[in-house]
Amino acid sequence: MLGERKEGQKIIRVKSLSPSTDVGALAKKVVEECKLIPPSRLPQVEQLLYYLQNRKSSPVEGKVEKKEKRTVKPRELTPFEGMELNEEASITRVDEYVELLYEGIPEKIRGSALILQLARNPDNLEELLHNEAALGALARVLREDWKQSVELATIIIYIFFCFSSFSQFHGVVSHYKIGALCMSVVEHELKRHDVWREELRKKNKACESAPENGSLRRDQDKAMRKYQGLLAKQEQLLRVSLYLLLNLAEDTRTELKMRNKNIVGLLVKVLDRDDEELLVLVVSFLKKLSIFLENKNDMAEVDTVERLARLVPCDHEDLLNLTLRLLLNLSFDSGLRGKMVEVGLLPKLTAMLGDESNRQVAMRILYHISIDDRFKGMFVYTDCIPQLMRMLYEHGEEEIEAELISICINLAANKRNAQLMCEGNGLKMLMKRALKMKDCLLMKMIRNISQHDGLTKPLFLDYVGDLAAEIRAEEEEEWVLECLGTLANLTIADLDWELVLKEYNLVPYLKDRLKPGSAEDDLILEVVIMIGTVSMDDACAAMLAKSGIIPALIELLNAQQEDDEFVCQIVYVFYQMVFHQATRDVIIKDTQAPAYLIDLMHDKNAEIRKVCDNTLDIIAEYDEEWGRKIQSEKFRFHNNQWLEMVESRQADDSEPYLYDNDNDRTDLFYSADGITPADGSVSPDFFGDLQPQNGDLHHAGDPGDVFDQTSSSPGRPATAYGFRPDEQPFYQYS
């Protein structure tokens with residue numbers, strides 16, 4: 001999220017402007033007197049003056065219809081005790097003020113305060129810029145004396161801050177290395193603050209241990225007053241220093257230098273303060289930094305979210321808005337989203353949905369949190385879902401804003417959330433609006449609700465007809481996709497799918513959409529899933545088989561064999577169809593589906609293998625011929641795996657020998673066809689000589705067992721893999 005670019009502004013009041021004024025002459029005078037406007041802008045100045053001259057006065061002067069974002073600026077510098085000035089500075093006496101910078105601390109404070117008066121007027125900056133003696137003296141005093149006087153450091157940094165407010169003056173601030181000096185000032189002041197707090201803690205502890213001791217109580221009160229006075233001055237210095245750094249950070253190269261000096265760590269440390277103006281500045285700075293990955297990672301390491309959590313909610317409107325926008329930038333990181341939930345921001349953000357000025361930002365953060373499945377269920381324990389449903393209802397026929405519908409789609413993927421959405425007439429309202437407006441995103445939300453088993457699925461029985469009526473070639477594909485996906489999720493036992501398919505003539509549509517390239521892949525996939533759902537019904541499965549859908553599915557399988565999702569869903573359709581006698585016979589006898597399933601039996605995708613195995617097991621149970629083929633393929637694949645492993649070991653010269661003598665190695669092979677090897681090397685007596693070391697005769701043929709041949713060669717290892725169809729092992733020796 002990109003932060004706003006700050007712009008400096010100087011208001012020129014043209015009091016003499018009247019209908020008879022010479023606009024051209026006045027424009028030249030304005031450009032001559034205002035050094036900030038280059039001569040090249042003379043035509044624009046003339047145009048503005050002409051506009052002002054002919055402008056009609058507004059009936060409500062100064063009324064702003066749209067609320068603008070307030071710019072974050074430091075508070076006016078308040079004079080510290082003992083440094084009030086009764087004189088007004090003059091630009092012609094700058095040299096006198098510079099002379100004061102060579103005196104003691106009080107004179108330096110007075111001289112720099114007078115120069116500050118001048119610097120706060122943008123008209124004087126150009127003049128001061130050319131006075132290198134003044135700027136050099138100020139930089140020297142700041143470098144040498146900033147630790148001796150907080151007031152002096154604050155005033156001089158404020159002078160350079162005035163320059164930093166304009167991009168064209170950043171060069172002079174960098175020339176005197178004021179930015180690096182400000183970093184040192186901030187770091188030092190934060191360490192001093194830690195020391196003050198530790199001293200205060202000790203005095204508080206001593207007072208608590210002896211509450212009757214009046215002297216300790218007075219010391220504590222005195223220390224507290226001193227701490228508060230020091231804190232006020234320090235926060236003024238921190239605010240001006242950090243604002244100067246924020247202005248310089250407009251240049252990303254300068255920002256990178258700050259990052260290398262741990263600017264993020266310093267800013268996050270300041271978040272523990274209570275001064276709202278200082279916090280506004282710090283959060284603005286962090287928000288600007290957070291758009292870069294490296295800075296965001298730094299924030300993740302120093303508990304930024306934990307410190308920001310206490311600022312939500314807060315009474316300061318600007319601070320709250322900036323904090324939420326910073327959290328939004330950080331919420332793009334999964335780990336930081338987890339932190340937000342962990343520190344209890346979820347209910348706080350939900351409460352922000354009722355705040356008109358912060359609703360949109362809060363909703364965007366909640367949307368990011370709702371992306372993670374691990375957090376979806378936590379929304380149940382807030383009043384977020386009732387609020388979102390109320391907001392959906394209040395939209396009427398207006399277009400729903402993207403953030404609102406997006407978070408609803410995400411949350412609907414959780415079962416408990418879906419149940420909350422359907423409470424009362426929730427589903428009825430959603431369906432009515434979606435069907436009336438043909439709102440694809442709202443239907444996507446309904447589709448997510450429909451995927452959950454339990455209380456919500458039966459509620460969809462009333463809308464099956466409405467959804468089926470939308471599945472037509474004339475409708476937009478995206479809309480049909482969502483309606484079809486919702487129907488495909490309705491695995492309800494009481495639903496008469498045969499009646500639905502006939503009444504709305506869906507079979508031709510489903511068959512046409514199975515052709516590769518007939519529609520977008522997403523829609524074709526939903527058609528396959530829909531066929532899998534309706535195939536649970538015996539009559540539907542028979543109807544689909546007669547219509548020629550099975551060859552169409554095989555053709556689609558060939559076209560989409562690289563897409564695991566397509567393959568898995570098509571195999572699932574076959575799995576559903578082999579349960580029914582009519583479709584089972586068609587699949588086994590009239591199609592090549594079993595052959596394709598055998599090819600997919602050893603697919604790298606575990607889900608595909610699982611569905612294939614289950615389908616083939618049913619086919620093998622009902623058809624002996626295919627059963628033998630399936631069993632033979634399983635043995636062939638198993639033996640091939642073992643042979644490849646043995647060959648790879650033999651080919652690897654670097655592999656240490658497993659045995660001292662090759663003649664002592666015994667390999668056991670299992671044959672799927674039960675053929676005895678030609679060399680006749682297996683002795684019938686040998687089976688009696690082998691005893692498994694684990695003492696379990698039943699597992700004599702298990703892969704990996706080591707046998708002892710007690711008759712001739714003790715300890716000869718034998719490796720076993722595979723079985724014959726009759727469970728008899730086949731041994732071969734080398």
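Our subject is the structure listed above.
Now for a description of the structure that goes with this document. (Residues numbered from 1 in each chain as written. Predicted model: local features only at pLDDT ≥ 70, side-chain atom pairs only at ≥ 80, totals over all residues. Heavy atoms only, no water.)

1. Details of the packing of aromatic side chains
Per the counting criterion, the structure on display carries seven aromatic pairs. Centroid distance Tyr158 to Phe161: 5.3 Å. Interplanar angle 85°. Geometry classified as edge-to-face. Here the residue Tyr158 and the residue Phe161 both occupy positions in helix α7 (residues 150-164), the gap between them amounting to three residues, near one helical turn. Consider the rings of Tyr575 and Phe579, whose centres lie 5.0 Å apart with planes at 80°: the pair is edge-to-face. In this structure an aromatic cluster arises from ring pairing among Tyr158, Phe161 and Tyr243. The ring of Tyr622 has Arg584 sitting right over it, with the charged end atom 3.6 Å from the ring centre. Sitting over the face of the ring of Trp626, Lys629 holds its NZ or CZ atom 4.5 Å from the ring centroid. (Phe/Tyr/Trp six-rings, centres within 6.5 Å; stacked < 30°, edge-to-face > 60°. Helix = DSSP H or I, 4+ residues; strand = E, 2+ residues; numbered from the N terminus. Lys NZ or Arg CZ within 6 Å of the ring centre and 35° of its normal.)

2. Side note on the pattern of salt bridges
Evaluated as defined, the whole model comprises 34 salt bridges. Asp372 is the salt-bridge partner of Arg337, the closest N and O atoms lying 3.0 Å from each other. With Arg337 in helix α17 (residues 334-342) and Asp372 in the loop between α19 (359-371) and α20 (373-376), this residue pair connects regions lying 35 residues apart in the sequence. Taken as a pair, Arg337 and Asp372 share a single burial class, namely buried. Glu633 is the salt-bridge partner of Arg636, the closest N and O atoms lying 2.8 Å from each other. Residue Arg636 and its partner Glu633 are both found in helix α37 (residues 624-651); the two are separated by three residues, about one turn of the helix. Among the residues examined, Glu633 registers a relative accessible area of 16% and is labelled buried. When salt bridges with common partners are traced through the structure, they connect Lys438, Glu470, Arg472, Glu474 and Glu475 into a single cluster. (Salt bridge = Lys/Arg side-chain N within 4 Å of Asp/Glu carboxyl O. Buried < 20%, exposed > 50% of the residue type's maximum accessible area, 1.4 Å probe, protein only.)

3. Structural notes on helix α12 (residues 263-270)
Judged by how many residues are buried, α12 sits mostly within the fold: seven of eight residues are covered. Within α12, burial applies to Ile263, Val264, Gly265, Leu266, Leu267, Val268 and Val270.

4. Overview of the packing of helix α6 (residues 132-145) against α7
Two numbers describe a pair of packed helices, the interaxial angle and the distance between the axes. Close contact between α6 and α7 brings their axes to 10 Å; oriented N to C, the two are set at 140°. By the criterion of interaxial angle, the relationship of α6 to α7 is oblique. As α6 runs across α7, the sense of the crossing is left-handed. Counted together, Leu135, Leu138, Ala139, Val141, Leu142 and Asp145 of α6 and Leu152, Ala153, Ile156, Ile157, Ile159, Phe160 and Phe163 of α7 form the full contact between these two elements. Residues belonging to the contact of α6 with α7 are distributed by class as follows: twelve nonpolar, no polar and one charged. (Axes fitted to C-alpha atoms, helices over the stretch in contact; angles between N-to-C directions. Parallel < 35°, antiparallel > 145°, perpendicular 65-115°, else oblique. Left-handed = near helix turned anticlockwise from the far one by under 90°. Contact = heavy atoms within 4.5 Å. Nonpolar A, V, L, I, M, F, W, Y, C, P; charged D, E, K, R; others polar.)

5. Describing the environment of Leu327
You can see Leu327 is positioned in helix α16 (residues 317-330). Residues Leu327 and Val283, spaced 44 residues apart in sequence, show a C-alpha to C-alpha distance of 10.0 Å. Setting aside its immediate chain neighbours within four residues, Leu327 contacts Leu308, Val312, Met340, Leu345 and Ile365.

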